[in-house]
Structures are given as C-alpha cells and as structure tokens.
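In case you want the letters, here they are:
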Amino acid sequence: MKITVLLTLALLPIGTVYCQQPIQENAVTSQSYDHRIPSDPQEVRESPAAKNIILLIGDGMGLSQISSAFYFKETLPHFARFHNIGLMRTSSTERITDSAAGATAFSAGKKTYNGAIGVDSDTISIPTIVEILSEEMWKTGMISTSSITHATPASFYAHVKSRDMEEEIAAQLSTSQIDFIAGGGLAFFADTSRTDGKDYLQTLKNNGFTIQTEQLLNTVDPNQKYAFLLAKNQMSTVLEGRGDFLPQATKLALNYLSANSDNFFLMAEGSMIDWGGHGNNADFLVSEMIDFDEAIGIALDFAEKDGNTLVIVTADHETGGFTLSAGETYDEINPTFSNGGHSTALVPVAAYGPGSELFRGIYENTEIFHKMMRAVSHSKSN
Ligand code: ZN
Ligand code: MG
C-alpha cells in the first residue's frame, strides 16, 4: 500500500465525537441553493419482494473514500460487484448532516436536526424500520465498530433527543426487540461504569441475551439472543489490530439471523471511515474502508446464495472533503482533505438483490427508508 500523506494532523483521541462543523469565511448560506429532490410517485418494484435486508453503512464514506479501495486494496473491491447504483443527497434539516440525523433519515424516513436519535424535529419519537419489522416477527441485528450505542446504530432502535445520551440509549437497547448485537459499548451497560450505577447487562440477560465481552463465537444458537460487547467504548482500529471483526461479525450475524426465521434485517456499520476523515488521516481512513469492503463481500456472498436478500451499501455523509489528488507525478496518488468535518457532497448508494432496482436514480436520504419498505412490500412504504 503506497500512500503519501501530507496531512497527518495530531493524533486525535478516538472516541471523541468528531462532528463539529467548522465555519469557513466563504461558507454559502443563501437559501436559493437548496433544492429538495422530489420522490418519484411512479416508482414501482420490478422484482419479487425481498425477504431479508442487509443495510451496510460506511460512516463518512463518500465517492473518494470508495475510490480509495480501488487503488489501495490488494484485490478488486467488492463494490465492483454492484450494478444498481444511485446517488443520494444527505442534508438533514441543516445543509450538512451529522450521523444521528443521517441514520434517522434511513431508519425512519424523516429529516431531523443534527444530534437527533429516532426523533423528529419536535423531538417526538418516530417508529424505525427495526421496530416496524420486529412487530412482524422479523429478526434484527446491529453491528458497529464504534460503541453499539453510538449515533448510527442507535438511530435504528432508540429515541432520544441527543446522541450524547449513550447511557439512556443503552437502556433502550437492552429492552428493544433486537436479537443480535456486536460492537463496542460495554461501559454504557455495566453498573460499574454507568453514572447511575444501574446494571443493564442484567436487563439484557433478563431479556434472553447471552453476553460475550471477549470475542465473537464460532457458532451461535438461533434460539438465543446475543450481545457481543467487545470494548468499553469503541473497538480498536484496524491499524491497532482489530483484525477481521467487522466481516466476521457480519458472517456470524447472517448465520444466526437466517437460521431460524423467514425474514431478517441487519445493519452493519463501518463506523471509523468517518474518524479517519475527521482526523485527516488517510492511512486510518483507507484501512477502515478496506475492512468495510470485506464486510460487503460477506453480505454479497450470502445474498447471491440466498436469492431473497436485498443488500444496500451507502453512507450517511462524506467526511473530510477527501480526495485522491495527484502526487508529484500523475502516477502517484496523494490523498488530501479539505477540512476536518463533514461535507455535503452527494454519496453513492449501491444495491443488490430483489428490490435493488429501486435504488437507482438521485434522491434524498429519507428515501432509503421508503425504498427498503417498498422492497419488502410493506404497507408503510409511503
Ligand atoms: Zn463524523
Ligand atoms: Mg457512525
């Protein structure tokens, strides 16, 4: 891997929420630049209804981040396996989204304010796809390399007015209908580390969860629920030696979720692509991107065999204004960043399987929710 990195800023502590939006002197604020993309009333699914959904979110993964896998991964990226591709506008009720509002758009189909977890602009709870499908006996799973209570996964099962309320998010997760959890975040459940001294690991157990805090298991019993809480807060990075946790957790979740149910929904997040962008650290970013691509491969392998599974890969937003510019010669890539926050560039959406044709075109981030519901033929699709 040959990466020239000009900007390796001070090593920011991982785990800090890096979602400040720097204000630049020439920032555009005129209302006249905003155009909400209308949804397509003619849109019809051409394929049979999907029985399962795998939603893979690369946090902060814009087109340059995806492109980096095509130059720095030693094998052809799994992204090359998709044929149905779209573009998505990521704004929240602010022009530039954070991960909470971005994931809430996917999970519940509404634009909301930055920081909102599963609530609308008035902080009213809105039902998420996980809750809607769980009511209909779908099995559900959540995987992240951050804490499982971090903004992106939290927006699928929790309802709080601020992403910072991670102890409350953990409490809500422990009584949610989710069947499989893998990621970090142990500290937000354990009585020894919570500020209120309450024991939500016990609550998880009372709700049928087997809890593992050391490592993933090789096999799982489809009649139990599983919580793999493998770090106090975020998992380690790929560069620090996280290994193949994300693809392996994805594989384990798919084995588990498909074993004993007709339908499942799995969300898996490459959480740290975003953190590489915030830190303007190209080695960090690219290593997390390649790891995420491996998880995509696991999902596609499953979906190819299964035939009834819709796979969607997208990002909540781009981070860092990342680009793959020329180095000293045109045969050298010099990854560069334009800032340390999120950007509002359109991001790609790649889809495979039944319903994937719905994900072609250019649309708002809230359409991800509606298109997923349409793909499974759900009555709440509009
Ligand atoms: Zn971010
Ligand atoms: Mg995230």
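Source: prediction; values computed, not measured.

Caption draft 1: Region of interest: the overall build of the protein chain. Tallying secondary structure elements over the protein chain gives 10 helices and 14 strands in all. Taking 21 Å as the expected radius of gyration for a compact globule of 382 residues, we find that the protein chain reaches 19 Å, a close match to that expectation. Counting only C-alpha atoms and orienting by the principal axes, one finds that the protein chain spans roughly 60 × 50 × 45 Å. Every one of the 382 residues in the protein chain was classed for burial, and the buried ones make up 52%. Within the protein chain, counting contacts between residues at least 6 apart in sequence, those at least 24 apart form 72% of the total.

Caption draft 2: Focus on the packing of helix H7 (residues 245-259) against helix H9 (residues 282-306). Running from N to C, H7 and H9 point in directions that differ by 20 degrees, and their axes come no closer than 8 Å. By the angle between their axes, H7 is roughly parallel relative to H9. Like other packed secondary-structure pairs, H7 and H9 cross with a definite hand, here right-handed. Across from Leu 246, Pro 247, Thr 250, Lys 251 and Leu 254 in H7, the residues of H9 making contact are Asp 291, Phe 292, Glu 294, Ala 295, Ile 298, Ala 299 and Phe 302. Looking at the contact of H7 with H9 residue by residue, the class counts come to eight nonpolar, one polar and three charged.

Caption draft 3: Spatial organisation of the pairing of strand E6 (residues 225-229). The element E6 is extensively covered by neighbouring structure, given that five of its five residues are classed as buried. Here E6 shows a buried face lined by Lys 225, Ala 227 and Leu 229 and a second buried face lined by Tyr 226 and Phe 228. The pairing of strand E4 (residues 180-184) with E6 spans four bridges and is parallel. The residue bridging Ala 182 from the neighbouring strand is Phe 228, located in E6. Where strand E5 (residues 209-212) and E6 come together, four bridges link them in parallel fashion. Across the sheet, the residue bridging to Thr 210 is Tyr 226, located in E6.

Caption draft 4: Representation of the pairing of strand E10 (residues 323-326). Judged from the four bridges that link them, E10 and strand E11 (residues 333-336) form a sheet pairing that is antiparallel. Bridge pairing links Ser 325 to Asn 334 in E11. Between E10 and E11, which pair antiparallel in sequence order, lie six residues.

Caption draft 5: Representation of helix H5 (residues 166-174). Within the sequence span of H5, burial applies to Glu 166, Ile 169, Ala 170, Ala 171, Leu 173 and Ser 174. Next to the buried residues of H5 lie strand E3 (139-147), helix H4 (151-157) and helix H6 (200-206).

Caption draft 6: Seen up close, unusual backbone geometry. Phi is positive for Thr 123, close to 60 degrees, though the residue is something other than glycine. Inspection of the secondary structure puts Thr 123 in the loop between helix H2 (99-108) and helix H3 (129-134). Residue Thr 123 is classed as partly exposed on the basis of its 13 C-beta neighbours within 10 Å.

Caption draft 7: Structural detail: H7. Between its first and last C-alpha atoms H7 spans 21 Å; for 15 residues at 1.5 Å apiece the expected length is 21 Å, and the two agree. Every buried residue of H7 is listed here: Phe 245, Leu 246, Ala 249, Thr 250, Leu 252, Ala 253, Leu 254, Tyr 256, Leu 257 and Ser 258. Elements that come into contact with the buried residues of H7 comprise E3, E4, E6, strand E7 (264-270) and H9.

Caption draft 8: Local environment of the confidence of the model for the protein chain. Residue-level pLDDT values for the protein chain average 92, and 90% of them are 70 or greater. Overall, residues 4-18 carries pLDDT values under 50, and its contacts beyond four positions in sequence, including any with other chains, amount to 24 contacts.

Caption draft 9: Structural context of the sheet that holds E6. Pairing within the open sheet is mixed, and its 10 strands lie in the order E5-E6-E4-E3-E7-E1-E8-E13-E2-E14. Taken across any chain shown, the strands that pair with only one partner, and hence form the sheet edges, are E5 and strand E14 (361-364). Averaged over all neighbouring strand pairs, the angle between strand axes comes to 15 degrees, with direction disregarded.

Caption draft 10: Structural context of the environment of Ala 101. Within the fold, Ala 101 resides in helix H2. Residue contacts for Ala 101: discarding those within four places in its chain leaves Ser 92, Thr 112, Tyr 113, Asn 114 and Ala 116.

Caption draft 11: Quick look at the environment of Ile 273. Here Ile 273 lies in helix H8 (residues 273-278). Exposure remark for Ile 273: the 32 C-beta atoms within 10 Å place this residue in the buried category. Each C-alpha atom, one on Ile 273 and one on Met 289, is 5.9 Å from the other, the two residues being 16 residues apart in sequence. The contacts of Ile 273, once residues within four sequence positions are left out, are Gly 58, Asp 59, Gly 60, Met 61, Gln 65, Leu 285, Glu 288, Met 289 and Phe 292.

What counts and what doesn't
- Residues numbered from 1 in each chain as written.
- Chains lettered and ligands numbered in written order.
- Predicted model: local features only at pLDDT ≥ 70, side-chain atom pairs only at ≥ 80, totals over all residues.
- Helix = DSSP H or I, 4+ residues; strand = E, 2+ residues; numbered from the N terminus.
- Rg over C-alpha atoms; globule rule 2.2 N^0.38 Å.
- Buried ≥ 20, exposed ≤ 12 C-beta atoms within 10 Å, placed from the backbone.
- Contact = placed C-beta atoms within 7 Å.
- Axes fitted to C-alpha atoms, helices over the stretch in contact; angles between N-to-C directions.
- Parallel < 35°, antiparallel > 145°, perpendicular 65-115°, else oblique.
- Left-handed = near helix turned anticlockwise from the far one by under 90°.
- Nonpolar A, V, L, I, M, F, W, Y, C, P; charged D, E, K, R; others polar.
- Pairing = 2+ DSSP bridges.
- Expected span 1.5 Å × (residues − 1).
- pLDDT = per-residue confidence, 0-100.

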